[in-house]
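# Results of the structural survey
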Amino acid sequence: MTTTRGEFSGNLGFILAAAGSAIGLGNIWRFPYAVGEGGGGAFVLIYLAFVLGIGLPVMLTELAVGRTTGRNPVGALRQLAPNTPWRLVGSLGVVTGFAILAFYSVVAGWMLGYLGKALTGGLSSAVDAESSQLVFESLVENPWMGLLLAGIFIALTVFVVRRGISGGIERITTILMPVLLLLLVVLAVRSLFLPNAGAGLAYLFKPDFAAVNFTVVMQALGQALFSLSLGMGAMITYGSYVQRTQNLWKAGISVAMFDTFIAILAGLVIFPALFYANADPSGGPGLVFVVLPTIFNSMPAGSIVAILFFVLMTIAALTSTIALLEVVVAYFVDEKGWTRGMASMVIGAACFVLAVPSALSTGAVSWLGTGGLFQWDFLSLNNNIWGNYSLSIGAILICIFAGWQWGIPKLVESLSEGRDGGFPLPAPTMLGFLVKVICPIAVLIALFFIILTGNYF
Ligand code: TRP
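Rules used in this analysis
- Residues numbered from 1 in each chain as written.
- Predicted model: local features only at pLDDT ≥ 70, side-chain atom pairs only at ≥ 80, totals over all residues.
- Heavy atoms only, no water.
- Helix = DSSP H or I, 4+ residues; strand = E, 2+ residues; numbered from the N terminus.
- Rg over C-alpha atoms; globule rule 2.2 N^0.38 Å.
- Buried < 20%, exposed > 50% of the residue type's maximum accessible area, 1.4 Å probe, protein only.
- Contact = heavy atoms within 4.5 Å.
- Areas by Shrake-Rupley, 256 points an atom, 1.4 Å probe, with all protein chains shown as cover.
- Lys, Arg positive; Asp, Glu negative; His and termini not counted.
- Charge placed at Lys NZ, Arg CZ, Asp CG, Glu CD.
- Patch = residues over 30% accessible without salt bridge, like charges linked within 9 Å, V, L, I, M, F, W, Y side chains within 5 Å.
- Salt bridge = Lys/Arg side-chain N within 4 Å of Asp/Glu carboxyl O.
- Near = heavy atom within 4 Å.
- Polar contact = N/O pair within 3.5 Å; in protein donor to acceptor, adjacent residues only side chain to side chain.
- 1 Å grid on protein atoms, 1.4 Å probe; cavity = no way out; pocket = protein on both sides within 12 Å on 5 of 7 lines; lining within 4 Å.
- Sits in = over half its atoms within 2 Å of the grid points.
- Nonpolar A, V, L, I, M, F, W, Y, C, P; charged D, E, K, R; others polar.
- Axes fitted to C-alpha atoms, helices over the stretch in contact; angles between N-to-C directions.
- Left-handed = near helix turned anticlockwise from the far one by under 90°.
- Points joined across faces, edges and corners; volume = space filled by probe spheres on them.
- Phe/Tyr/Trp six-rings, centres within 6.5 Å; stacked < 30°, edge-to-face > 60°.
- Lys NZ or Arg CZ within 6 Å of the ring centre and 35° of its normal.

Quick look at the overall build of the chain now. Broken down by element type, the chain carries 17 helices and zero strands. Against the compact-globule benchmark of 23 Å for 457 residues, the chain has a radius of gyration of 21 Å, which places it among compact chains. Considering only C-alpha atoms, the chain reaches an extent of 60 × 50 × 40 Å along its principal axes. Buried residues in the chain amount to 61% of all 457 residues. The long-range share in the chain, meaning contacts at least 24 apart out of those at least 6 apart in sequence, stands at 82%. If you sum the accessible surface of the chain, you get close to 16400 Å²; carbon and sulfur atoms cover 69% of it. When the 19 basic and 18 acidic side-chain charges of the chain are each reduced to a single mean position, those positions are 12 Å apart.

And the structure:
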């Protein structure tokens, strides 16, 4: 492996960085409202099944493709299938990473904005649904603020990525991920001691299958792909920096488990708080920004809880934007010979330009959005196109590629490389069946469903 590209110094560093990519707004913002809209515990069970049966195989496949080739998504597919159009799957991934970064950093910027408000007492006027909505609107409808915050967020991301893998990404994620875990545990304990916390727990864990329909099932699948950062080569890219001596199979399982654990932990923070405040658990995307601040205001030590919560959200978002930028940077470094420093700055700047319409679409410029938040604005449009369609298409194609073109034996061989004794090997027949048949078909059904019904998040 070339040292000029960089690599993760150890297994833990890789696991924390990859988990940092996976753990993001998807876990703490999107997962709870998906649970709320999907009827609670039943959604959680279906989600877990998808993580195991679909998410994990796709995750392992991406990691193996990355480590085998030591390349970005485009270079990786070109190397494994020279002179075929398969490299276009990598190109789609790179474009998707860029596009997701452009809207993700707008929402991440709001988290930063809320952190600022929490620190300066700006959330104290959010005492009920209406006043809280006003606080939110004053942020997202302010064009300069939205742009400034997204810009700061992208700049922070560039600052880390330009320092490379072990000196930048690994170093910062090994500090931030333990902090994130600690904050979540503290917040979960606080939540569990609220009156009526039991009702929140029952909602999260007691499956009510009456609430489940086809939409809910498909959303659980989409959420699993998004949350594990699959379908766009992010795990190919991170996998390309893993040393051959490391146990990729074990690391992949750890990342998927870590991500799922954090989503459940976020549920333990949010649902007891919702039930304590008699709030509607199916509150939708506004849950974190509109519902939670009023709850924080009503609970003892709530202002501290609010600060911790938005620090947590900022960290979760930052370790994800780092991975998104890294996918694009790796492409320009490997394929175009750019230096890492130049690639991160130029792409960061370009991304900011694309973030502008998203930042202005939530109320500042009327023709970019309906004004109704998360209805049909440029930001949500991008979320749908890139965060739903493109990831699904990418996941299907990566599975077909690995299962039918590259071949399961090579996949299993790559996963077993560096395996330390004691940890059982992947069962090739089972993994092959999942990657070749189940994953592409399940995701294809989900994709058709999304397109036919227009039912996304
Ligand atoms: N998994 C991230 C989250 O849960 C979102 C995401 C999707 C992502 N694809 C990605 C992050 C690729 C980094 C790289 O918020």
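On the surface, Met-145, Leu-148, Ile-152 and Leu-156 cluster together into a nonpolar patch covering about 310 Å² of accessible area. Take Leu-148: it is sitting in helix H7 (residues 143-161).

Now for the site of the ligand. The environment of the ligand is made up of 15 residues, and the closest members are Ala-22, Gly-26, Tyr-104, Phe-226 and Ser-229. Taking Ala-22, its main chain carries an N or O atom lying 2.9 Å from an oxygen atom of the ligand. Contact distances for the ligand include 2.5 Å between an oxygen atom and a side-chain N or O atom of Tyr-104. The protein chains hide 100% of the 360 Å² of surface that the ligand would expose on its own. Of the pockets mapped on this structure, the ligand occupies the largest cavity. For the shell around the ligand, the elements supplying multiple residues, two or more each, are helix H1 (11-22), helix H2 (25-37), helix H10 (214-227) and helix H14 (302-336). Looking at side-chain class alone, the shell around the ligand contains eight nonpolar, seven polar and no charged residues.

What follows covers the packing of helix H5 (residues 87-120) against helix H16 (residues 378-416). At a minimum axis distance of 9 Å, the contact between H5 and H16 shows a crossing angle of 145 degrees. For the crossing formed where H5 meets H16, the hand is left-handed. Listed contacts from H16 to Val-89, Leu-92, Val-95, Thr-96, Ala-99, Ile-100, Phe-103, Val-106, Val-107 and Trp-110 of H5 are Leu-379, Asn-382, Asn-383, Trp-386, Gly-387, Ser-390, Leu-391, Ile-393, Gly-394, Leu-397 and Ile-398. When grouped by side-chain class, the residues that make up the contact of H5 with H16 number 15 nonpolar, six polar and no charged.

Right, let's talk about unusual backbone geometry for a bit. Trans peptide bonds make up most of the peptide bonds, and negative phi angles are found at most residues other than glycine. A positive phi is found at Asn-83, a non-glycine position, where the angle reads about 55 degrees. Its identity is not glycine, yet Ala-301 carries a phi of approximately 60 degrees, on the positive side. Mapped onto the elements of the fold, Ala-301 is located in the loop between helix H13 (287-298) and H14.

What follows concerns the layout of surface pockets. Empty space within the largest pocket amounts to approximately 180 Å³. Taken together, eleven residues make up the lining of the largest pocket; nearest its centre are Leu-56, Trp-249, Met-430, Leu-431 and Leu-434. When contributions to the lining of the largest pocket are tallied by element, the ones reaching two or more residues are helix H3 (41-69) and helix H17 (428-453). Element by element, the count of residues in the lining of the largest pocket is highest for H3, at four residues. Along the lines of polarity and charge, the residues of the lining of the largest pocket split into eleven nonpolar, no polar and no charged.

Using the criterion set out here, one finds 22 aromatic pairs in the structure. Between Trp-110 and Phe-289, the aromatic rings sit 5.7 Å apart at their centres with planes inclined by 80 degrees, giving edge-to-face as the arrangement. Note that Trp-110 is positioned in helix H5 and Phe-289 in helix H13, a separation of 179 residues in sequence. Residue Trp-110 is classed as buried on the basis of its relative accessible area of 1%. Among the aromatic residues, those joined into a ring-pair cluster are Trp-110, Tyr-114, Phe-136, Phe-289, Phe-296, Phe-309 and Phe-310. One Lys or Arg, Arg-30, reaches over the ring of Phe-226 and ends 4.1 Å from the middle of that ring. The lysine or arginine in question, Lys-436, covers the ring of Trp-404, its NZ or CZ lying 4.5 Å from the ring centre.

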